[in-house]
Amino acid sequence: MKKHKCMVFGRQVDADWLDSETVREVLSEAAEKAVLAAEPDIACIIDILDRVGQSWADPDYHLRRQAAKLLPGLTLFSPAMIEEGFAVVSSICRRPSLEKRLVGELGELAVLDRGIARPHHGYMLRAVPRGILLHLTAGNVFVGAVDSLVSGIITKNANILKMSRVDPVFPLLFIESIKEHDPAGVIWPNQAALLWKGGDAAVENELLHAPITVVFWGGHDALQSLKSRMGASTRLIENGPRYSFAVVDGSRISKGPAATMVRGLALDLCRWDQQACSSPHVVYVIDRDVKTTHGLAEALYDELVQLREELPLGALSFDEKVEIRKVRELARMAQARGEGRLICPEDFS
């Protein structure tokens, strides 16, 4: 069996390399890389990532082919869903997406470089990097780690990414992709992707008491645990817990929902097999007549039946199948009492 590797600011190490001693080495090196990461103009950073995004859009890109071969077995997503993920990765890295994100958050790209004048206030306004970011991402959707990492890169930080043991492959392939499009070493040597067991006190005590910023993605309990262990000099950016839902105004669908709306909603429901917080788990229909809700459910069912061919469900565990069966049986009972309605196929698609 091939042994997994990790990336530490330009060099590969074994997956079990990180411990209480080497983590101090990582933090020391990260501090040096943070100085370098803050130097390039934002236009240079965007140029590199845009080329990365173009490559991941190409089905014949050799790193994409490698990821397509490995990820279904690791993540249990279907090959079609993995391909959908590559499209998202490409979109995240393309110039329009990066510029939209930065301008939306900061107002102007120039604020990341020399700063912008505030003539009526008599000073320059400049966005300064945090320095070192530690990304603790959820392991349920492989594109989440890329999204967080890219945010750290375009804000000119050195980044340490904790990889999920479910997928210790894609983050390394993504950094390798940056390396291919960054021959001058502007970005890629400032990234680290590491593995350690969650809750490993020897490693996490060092990290969570260092003068760094933790970017957290995850649930309530994990967030509370993290906060209780953080030192006074460590800062936190919270992304979670989050649950997504959709709201539909009944007046928009009472005479039959628009095909584009149903398609869009069905896609949102299907992506990532409901594992991502961005996938709506509930759709609220605002209308006095329950028939409006039934009409949307029927239209959604037809669309979902078609989508199961385009984006088939990945492998389900026994426990997941039990949960699905439980929810369906409760719905059948509600329907028998005249309190609900169930429309579903016989299989678990």
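Up top is the structure these notes are about.
Position numbers for residues start from 1 in each chain and track the written sequence from start to end. In keeping with the predicted nature of the model, local features appear solely for residues at pLDDT of at least 70, side-chain atom pairs appear and are counted solely at 80 or more, and the whole-chain, interface and lining totals rest on all residues. Excluding hydrogens and water, the side-chain figures rest on all heavy atoms present in the structure.

Participant: Can you walk me through the pairing of strand β2 (residues 11–14) in this structure?
Facilitator: The side chains of a regular strand alternate, first on one face of the sheet and then on the other. By this definition, two strands are paired if DSSP reports at least two bridges between them. Where helices and strands are cited, they refer to DSSP runs of H or I of at least four residues and of E of at least two residues respectively, numbered from the N terminus. Sheet topology places strand β1 (residues 5–8) next to β2; 4 bridges connect them, and they run antiparallel. Paired with K5 across the two strands is D14, which belongs to β2. Hairpin geometry of β1 and β2 is characterised by an intervening segment of 2 residues between the two adjacent antiparallel strands and by a positive phi of about 50° at F9.

Participant: Please clarify how the nonpolar core should be interpreted in this entry.
Facilitator: Inside soluble globular proteins, nonpolar side chains tend to come together where they are buried. Here, the term nonpolar core denotes a set of buried Ala, Val, Leu, Ile, Met, Phe, Trp, Tyr and Cys residues that are joined through side-chain atoms within 4.5 Å. We call a residue buried when its accessible area falls under 20% of the maximum for its residue type, exposed when it is over 50%, and partly exposed in between, using a 1.4 Å probe and counting protein chains only. Of all hydrophobic cores here, the largest spans 90 residues; its most connected members are W56 and F174. If you tally residues by element for this core, the top one is helix α2 (residues 42–56), at 7 residues. Throughout, a residue-residue contact means that at least one pair of heavy atoms, one from each residue, lies within 4.5 Å. Once you skip the residues sitting within four places of it in the chain, W56 turns out to touch Y61, L63, R64, A67, F86, V89, S90, F170, L173, F174 and S177.

Participant: Is there a simple way to think about a nonpolar patch on the surface in this case?
Facilitator: Together, F245, V247, V282, Y284 and I286 make up an exposed nonpolar region whose accessible area comes to about 500 Å². Those elements giving two or more residues to the nonpolar patch turn out to be β10 (245–249) and β11 (282–286). Structurally, V247 can be placed in strand β10. A patch is a set of surface residues, each over 30% in relative accessible area and not in a salt bridge, joined within 9 Å for like charges and within 5 Å for the nonpolar side chains Val, Leu, Ile, Met, Phe, Trp and Tyr. Here the accessible surface of atoms and residues is derived via Shrake-Rupley with a 1.4 Å probe, and residues count as covered only by protein chains that are part of the display. Whenever Lys or Arg places a side-chain nitrogen within 4 Å of a carboxyl oxygen from Asp or Glu, that contact is recorded as a salt bridge.

Participant: What is the right way to read the side chain of H135 from this model?
Facilitator: Secondary-structure assignment places H135 in strand β5 (residues 132–136). Residue H135 is classed as buried on the basis of its relative accessible area, which comes to 1%. Here a polar contact is recorded for every N or O atom pair within 3.5 Å, except that within protein the pair must consist of a potential hydrogen donor and a potential acceptor, and residues adjacent in sequence are included only if both atoms are side-chain atoms. A polar contact of 2.7 Å, which involves the side chain of H135, links it to the side chain of S148. Excluding its chain neighbours within four sequence positions, the residues that come into contact with H135 are S148, L149, G152, N159, I160, L161, K162 and V215.

Participant: Sorry, what's going on with unusual backbone geometry here?
Facilitator: The general pattern is negative phi for most residues beyond glycine and trans for most peptide bonds. Although it is not a glycine, F9 sits at a positive phi angle of roughly 50°. Within the secondary structure layout, F9 lies in the loop between β1 and β2. Given a relative accessible area of 5%, F9 falls into the buried group. Non-glycine residue K156 carries a positive phi angle of around 65°. Along the chain, K156 turns up in the loop between α6 (143–154) and β6 (158–162). Since its relative accessible area comes to 2%, K156 is described here as buried.

Participant: Hey, could you run me through the sheet that holds strand β9 (residues 235–239) in this one?
Facilitator: The strands making up a sheet are joined through hydrogen bonds of the backbone, oriented either antiparallel or parallel. Strand order across the open sheet formed by 7 strands is β2-β1-β7-β6-β5-β8-β9, with mixed pairing between neighbours. With partners counted over all chains shown, the strands left at the sheet margins are β2 and β9, one partner each. For this sheet, the mean inter-axis angle between neighbouring strands, taken without regard to orientation, is 25°. Looking at chain direction, β5 and strand β8 (residues 213–217) are connected through 4 bridges and run parallel. Across the sheet, L134 pairs through a bridge with V214, a residue of β8. Axes here mean lines fitted to C-alpha atoms, for a helix over just the part in contact, with angles spanning 0 to 180 degrees between N-to-C directions.

Participant: I keep staring at the packing of aromatic side chains and nothing clicks. Help me out?
Facilitator: Think of a pair of aromatic rings as described by two things: how far the centres are apart, and how the planes are tilted against each other in angle. A pair of Phe, Tyr and Trp rings is counted when the ring centres sit within 6.5 Å of each other, with Trp represented by its six-membered ring. The angle between the planes then sorts it: under 30 degrees is stacked, over 60 is edge-to-face, the rest tilted. Going through the model one piece at a time under the given rule, you end up with 9 aromatic pairs. When the centroid spacing of 6.3 Å and the interplanar angle of 85° are considered together, the rings of F142 and W272 count as edge-to-face. Here F142, found in the loop between β5 and α6, pairs with W272, found in the loop between α11 (259–270) and β11; they are 130 residues apart in sequence, far enough to count as distant.

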